[in-house]
Every structure is written in C-alpha cells, then in structure tokens.
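The residues making up each chain are set out below.
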Amino acid sequence: MSDTLYTSICDLLGCSYPILQAGMGGVARSELAAAVSEAGGYGCLGMVRESPALIASEIAAVRGKTDKPFAVNLIPAATDPALFDEELAACTEAGVETVVFFWDVVPTAVEIAKAAGMRVIYQLGSIDQALDAEAAGADAIIAQGVEAGGHVHSNVTSMVLLPQMVAKLSIPVIASGGFASGASLVAALALGAKGIHCGTAFLASIESFAHSVHKQNVLEANAHQTVHTDAFAINWPKGSPVRVLANDMTDSLGDRHFGYDPATIQREVVGEEDGRPLYLWSTDSPLQSMTGDLDRLAMFAGQVAGQISGIESAGAIVTAIVTEAREIIEKLGARQ
Ligand SMILES: Cc1cc2nc3c(=O)[nH]c(=O)nc-3n(C[C@H](O)[C@H](O)[C@H](O)COP(=O)(O)O)c2cc1C
C-alpha cells in the first residue's frame, strides 16, 4: 500500500510524516525540536530575537539528540535588522538546511537565506502575501488561519484560506491553525495541503519549554476561551495581533481588543528571566526560566486548545496523529 501520508513536503524536508512543529519563540527549544524530528515529524527551533550564541548552541543540542533534519524559525519583521543578519549568519555557519520565516514578507531575507544555500518556508496569513513570498523565492508556504495560537496575521479560518492559497500557488502549502489530530491532518490533505504545522499541540508537550502554568491553562481551556487582540504589544511592531487564552488581563480589556500601541503602554514589571524584566502587555509568554506573576503574561494558544486534554511526549503526539490519520483514511476507503 502506498503511504498517503508521505507527501512532497516529506521529500523536500527529509521527514517521514508531514507534521511540522511550529517554531514557537521561547517554547520550542532543542528538547522539543529534537523529539519531534526523532519521531518522524519535522522539528523547528523557535529562535525569534535570540542571540547568535544561543542559536548556535541550540542547533548543536538538537544534533546531539537526533540525526534527523529540523529547521530554525526567525521573524525578520519583528527583529532588529542587525540582529536578524547575525541570526541568519549563525544559521548559515551551523549548516542549517531550512529556515521558517513568519509575518510580513521581507524579500531580502529570503534572498540572503537562499543565497546561503538554505530552504525558506514562509508562514503567512493571506494569499497576496503568499504570492509575494513565492515570487521572492520561498520553497513552501505555511497558510496560517485566524484560529491559530500566537501571533496571527490572517482574518479567515484555515479551512477557507488553505484551498484558495493552494489554487493560486505552485509551491507546496502546509496548513496551520487548528491542526492537532489525525483527523485534521486528513482534512488538510483533502484541502490540498502537503502537511500540517502544529503549535498549540506541541506547546502542551512534555518537552516544550513553556511554564507549567501555561501548559495547565491549555488543558483547561475550551474552544471559546481564546482572545484575538493586539494588546500584548511590547516587543513587536504596532498592530501585531495575537491569539491568547483568556485570563484576568484579557478580561480587563473589556470590548476593546484592538488599537494598542507598544510605544505608549506603561512599563509594569511582572516578573523576570535571568535578570531581564518581564513587562505586562509584552509578547513574552511564561517559560520555565521565568519567575513572577506569570499568569498575567500572554498565554499564547489556538482555538484547538479545547481538543487537548493531556501533556504527552512530543513523540507520542506525532505517533497519535499518524495512527489516527491512517485509521481514518482506511475507514473512508472502506465506505461504499
Ligand atoms: C506559544 C506559541 C508561540 C508561538 N511563537 C511563534 C514564533 O515565535 N514564530 C512563529 O513563526 N510562530 C509562532 N507561533 C505561531 C505558530 O507558528 C502557528 O502559527 C500556530 O501555533 C498554529 O496554530 P495552532 O496553535 O492552532 O497549532 C506561536 C504559537 C504559539 C501557540
């Protein structure tokens, strides 16, 4: 039997299953990326605004745990250009094969990464942006729907965005936002995707570097308990919305979820990480290395949080998605 789950994205990236782990800043360190890749998925280090030294050591740490391929996530539009160049140079020097970019399309970032011999996958939330990234030389696009956790550019759901993006592009498209099960993998393939990209599902894994308060909140949330807002604004350009779990902070916004400006938000320290202050309304989310009033920070998570009921190992999550997808494909094939 040919394996329906082995797609062109597996060929492109060298993984066994078309299950990409989102490169979540702070959360997706070497433990998580290595565990996903080792299980046959495609791990990714979340390295937004990290130092070249940390990027180099995290890449080495993944290689110490697995010989399977993985990627590094960077965000050109949310990073000081000088630091971004250094981050990219760290990836090149370490021989990284694939970088995953997010947010606004920065054609020069694609050009530099490609010239250095790396593959570029761009996560985007609109068809026009995806066409721009394709024109700039991207090798694949991740189509992010509005139900996704973390920063969210799109204003339509992945179910609607995905087939329309697939119809317009000639490079492979990967589905993101709301994918955490085998059933959703089959649905994504049916809609023309070559794979899925999962954030929230792996945020709630044993290997994720998220603080237990964040993981626990994911387990307790239902599909209706996320908020789409640009109030968590400090560290990113103005007008960069996120999806977070509802908490006292989002309740305090009342009906005003949008229109916040990082430049005018008063700096109130709510915690610290290695001497670095953590500000209320920043884009920092609770990590194991942080102390303070962490449940006031941004609890990034997608609407799919309502589907997650336990903290599993990343390898078990990959296996569960694959097993369920195979069962569903078999059942669909057996129907008259
Ligand atoms: C905790 C968290 C942190 C995230 N950080 C990043 C990031 O640093 N870079 C990035 O490209 N995407 C980031 N995202 C967004 C993911 O790439 C992806 O779009 C999203 O998780 C997909 O939706 P899902 O959460 O329903 O799986 C983050 C998502 C979460 C949940």
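Just above, that's the structure.
Residues numbered from 1 in each chain as written. Predicted model: local features only at pLDDT ≥ 70, side-chain atom pairs only at ≥ 80, totals over all residues. Heavy atoms only, no water.

## A short note on the overall build of the protein chain
Selection rule: By definition, any uninterrupted DSSP run of H or I lasting at least four residues is a helix, any uninterrupted run of E lasting at least two residues is a strand, and each is numbered from the N terminus. Think of it in three bands: residues with accessible area under 20% of the maximum for their type are buried, residues over 50% are exposed, and the middle band is partly exposed, with areas taken using a 1.4 Å probe on protein chains only. We call two residues contacting when some pair of their heavy atoms lies within 4.5 Å. Computed with a 1.4 Å probe, the accessible areas rest on the Shrake-Rupley method; for each residue, only the protein chains presented here act as cover.
Helix and strand content of the protein chain: 12 helices and 14 strands. Seen along its three principal axes, the alpha-carbon backbone of the protein chain occupies a region of about 60 × 45 × 40 Å. Of all 336 residues assigned to the protein chain, the portion counted as buried reaches 54%. The contacts of the protein chain with a sequence gap of at least 6 include a subset with a gap of at least 24, amounting to 62%. Carbon and sulfur atoms make up 51% of the accessible area of the protein chain, which totals about 13500 Å².

## Section: the site of the ligand
For clarity, the threshold we go by: We define proximity as follows: a residue is near a molecule or strand when any one of its heavy atoms falls within 4 Å of that partner. Identification of polar contacts relies on pairs of N or O atoms within 3.5 Å, with a donor-acceptor requirement for protein atoms, meaning one able to donate a hydrogen and the other able to accept it, and with residues adjacent in sequence counted only if both atoms are side-chain atoms. Residue type decides the class: Asp, Glu, Lys and Arg count as charged, Ala, Val, Leu, Ile, Met, Phe, Trp, Tyr, Cys and Pro as nonpolar, and the leftover types, Gly among them, as polar.
The local shell around the ligand holds 22 residues, among which Gly25, Asn73, Gln123, Gly199 and Thr200 are the closest. In this structure, an oxygen atom belonging to the ligand sits 2.8 Å away from a main-chain N or O atom of Gly25. Within the side chain of Ser176, one N or O atom sits 3.4 Å away from an oxygen atom of the ligand. Isolated, the ligand exposes 590 Å² of accessible area, and the fraction of that covered by the protein chains is 96%. The residue makeup of the shell around the ligand, split by class, is 9 nonpolar, 13 polar and no charged.

## Topic: the sheet that holds strand S14 (residues 290-292)
Rules: By the convention used here, strands pair only if DSSP detects at least 2 bridges between them. Axis definition: a line fitted to C-alpha atoms, over the contacting stretch in the case of helices. Angles run 0 to 180 degrees between N-to-C directions.
Here 3 strands make up an open sheet; going across it, the order is S13-S12-S14 and the pairing antiparallel. Across the chains shown, the open sheet's two edge strands, defined by having one partner strand only, are strand S13 (276-279) and S14. The average undirected angle you get between the axes of adjacent strands in this sheet is 35°. Across 3 bridges, the pairing between strand S12 (residues 269-273) and S14 is antiparallel.

## A word on the packing of aromatic side chains
What counts, and what does not: Centre distance within 6.5 Å is the pairing criterion for rings of Phe, Tyr and Trp, where only the six-membered ring of Trp is used; planes under 30 degrees apart are then read as stacked, over 60 as edge-to-face, and the remainder as tilted. Geometrically, a charge over a ring is one whose NZ (Lys) or CZ (Arg) sits within 6 Å of the ring centre while staying within 35 degrees of the ring normal.
A complete count under the given rule lists 5 aromatic pairs for this structure. Centroid distance Phe102 to Trp103: 5.4 Å. Interplanar angle 80°. Geometry classified as edge-to-face. Aromatic rings pair up to connect Phe84, Phe101 and Tyr122 into one cluster. Lying over the aromatic face of Tyr260, Arg256 brings its terminal NZ or CZ to 4.0 Å of the ring centre.

## Description of unusual backbone geometry
One non-glycine residue, Trp103, lies in positive phi territory at about 80°. Position of Trp103 relative to the elements: it lies in the loop between strand S4 (98-102) and helix H5 (107-115). One non-glycine residue with positive phi stands out, namely Trp281, at about 65°. Within the secondary structure, Trp281 sits in the loop between S13 and S14. Residue class for Trp281 comes out buried when judged on its relative accessible area of 15%.

## As for the pairing of S13
In this structure, S12 lies alongside S13, joined through 4 bridges in antiparallel fashion. Directly across from Val269, in S13, lies its bridge partner Tyr279. Count of turn residues in the S12/S13 antiparallel hairpin: 2 residues, of which Asp274 carries a positive phi of about 50°.

## Some thoughts on the pattern of salt bridges
Here is the rule: A side-chain nitrogen of Lys or Arg and a carboxyl oxygen of Asp or Glu constitute a salt bridge if their distance falls within 4 Å.
Under the criterion given, the structure shown has 6 salt bridges. Here Lys114 ties to Asp139 by a salt bridge, and the two come within 2.8 Å at their closest N and O atoms. Of the two residues, Lys114 is situated in helix H5 and Asp139 in the loop between helix H6 (127-136) and strand S6 (140-144); the sequence distance between them amounts to 25 residues. Salt bridges sharing partners connect three or more residues here, namely Glu268, Asp293 and Arg296.

## Regarding the packing of helix H3 (residues 52-65) against helix H4 (residues 81-93)
Worth spelling out the cut-off: The cut-offs work like this: below 35 degrees is roughly parallel, past 145 is roughly antiparallel, 65 to 115 is roughly perpendicular, and the gaps in between are oblique. The hand of a helix crossing depends on one turn: near helix anticlockwise from the far one by less than a right angle means left-handed, and clockwise means right-handed.
Look at H3 against H4: their axes get within 9 Å of each other, and the N-to-C directions meet at 25°. In terms of orientation, H3 and H4 fall into the roughly parallel class. The two elements H3 and H4 meet at a crossing, and its hand is right-handed. Each of Pro52, Ile55 and Ile59 in H3 lies in contact with H4, whose residues at this interface are Leu83, Glu86, Glu87, Ala90 and Cys91. Residues of the contact of H3 with H4, tallied by class, amount to 6 nonpolar, no polar and 2 charged.

## Details of helix H2 (residues 30-38)
Here H2 lies mainly inside the structure; 7 of its 9 residues are buried. By the burial criterion, the buried members of H2 are Ser30, Leu32, Ala33, Ala34, Ala35, Val36 and Ser37. A positive backbone phi angle near 105° is found at Gly40, which sits one or two residues after H2.

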